[in-house]
Amino acid sequence: EGGIHLPTGSINDGTADLSHFDKDVIFSGLKRLYRKKIRPLELSSKYGHFHSPPLSPSDFDSKPMVLLLGQYSVGKTSFIRYLLGRDFPGQRIGPEPTTDRFVAILKGDGVDKIVPGAAMCSQADRPFRGL
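Residues numbered from 1 in each chain as written. Predicted model: local features only at pLDDT ≥ 70, side-chain atom pairs only at ≥ 80, totals over all residues. Heavy atoms only, no water.

Asks: How should I be thinking about unusual backbone geometry in this particular structure?
Replies: Of note, the phi angle at Lys46 is positive, near 55°, even though the residue is not glycine. Position of Lys46 among the secondary structure elements: in the loop between helix H1 (23-44) and helix H2 (57-61). A residue is classified by how much of its surface remains accessible, and Lys46, at 52% relative accessible area, is exposed. (Helix = DSSP H or I, 4+ residues; strand = E, 2+ residues; numbered from the N terminus. Buried < 20%, exposed > 50% of the residue type's maximum accessible area, 1.4 Å probe, protein only.)

Asks: Just checking my understanding: could you explain H1 for this structure?
Replies: Since the α-helix advances by 3.6 residues per turn, residues separated by three or four positions end up pointing in the same direction. Its 22 residues give H1 an end-to-end C-alpha distance of 30 Å, which sits within 8% of 32 Å, the value for a rise of 1.5 Å per residue. Capping the start of H1, Asp22 holds a side-chain oxygen 3.2 Å from the backbone nitrogen of Asp24, two or three residues further along. Two residues or fewer past H1, Lys46 is found with a positive phi of approximately 55°. (Expected span 1.5 Å × (residues − 1). Polar contact = N/O pair within 3.5 Å; in protein donor to acceptor, adjacent residues only side chain to side chain.)

Asks: What is the right way to look at the pattern of salt bridges in this model?
Replies: It is possible for side chains bearing opposite charge to pair when their charged atoms get close. The tally for this structure, following the rule as stated, stands at three salt bridges. Measuring nitrogen to oxygen at the nearest pair gives 3.5 Å for the salt bridge that ties Asp24 to Lys23. The salt bridge partner of Arg81 is Asp87, with a shortest N-O separation of 2.8 Å. The partly exposed category is assigned to Asp87, whose relative accessible area is 45%. (Salt bridge = Lys/Arg side-chain N within 4 Å of Asp/Glu carboxyl O.)

Asks: Help me understand the packing of aromatic side chains, please; the structure alone is not making it clear to me.
Replies: Aromatic rings in a pair are described by how distant their centres are and how their planes are angled relative to each other. The tally for this structure, following the rule as stated, stands at two aromatic pairs. Their ring planes at 50° and their centres at 5.5 Å tell us that Tyr34 and Phe60 sit as a pair that is tilted. Of this pair, Tyr34 sits in helix H1 while Phe60 sits in helix H2, placing them 26 residues apart in sequence. With centroids separated by 5.3 Å and ring planes inclined at 80°, the aromatic side chains of Tyr47 and Phe50 adopt a geometry described as edge-to-face. Classification of Phe50 as exposed rests on a relative accessible area of 61%. (Phe/Tyr/Trp six-rings, centres within 6.5 Å; stacked < 30°, edge-to-face > 60°.)

Pasting the structure below:
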């Protein structure tokens, strides 16, 4: 039969062993597929007018992200501090709502800094343009 056949990890569990695949080849193939097949369809149907704008290269090239949502004072900031193993710029912990806006914590060159969410949304090299 046609199609792609993935090697299985074991006969018993049927999982695919993807450790032999080059992830860069897979990602570049996905980007190419989107650019050549899906994006033209989104543009011609004006999909971005009623749902989300077309993806940009930064959407494909960015690192995986985790989104934390929740009521105020339930431990989101404390959880981030635990994951980082340290405090981070702009953190405020208190019984009242303290983080009532978009905050992104990114790995950088060792210098901590605060970039407002609105500024992050306007940078083409960041995956936040749709926000």
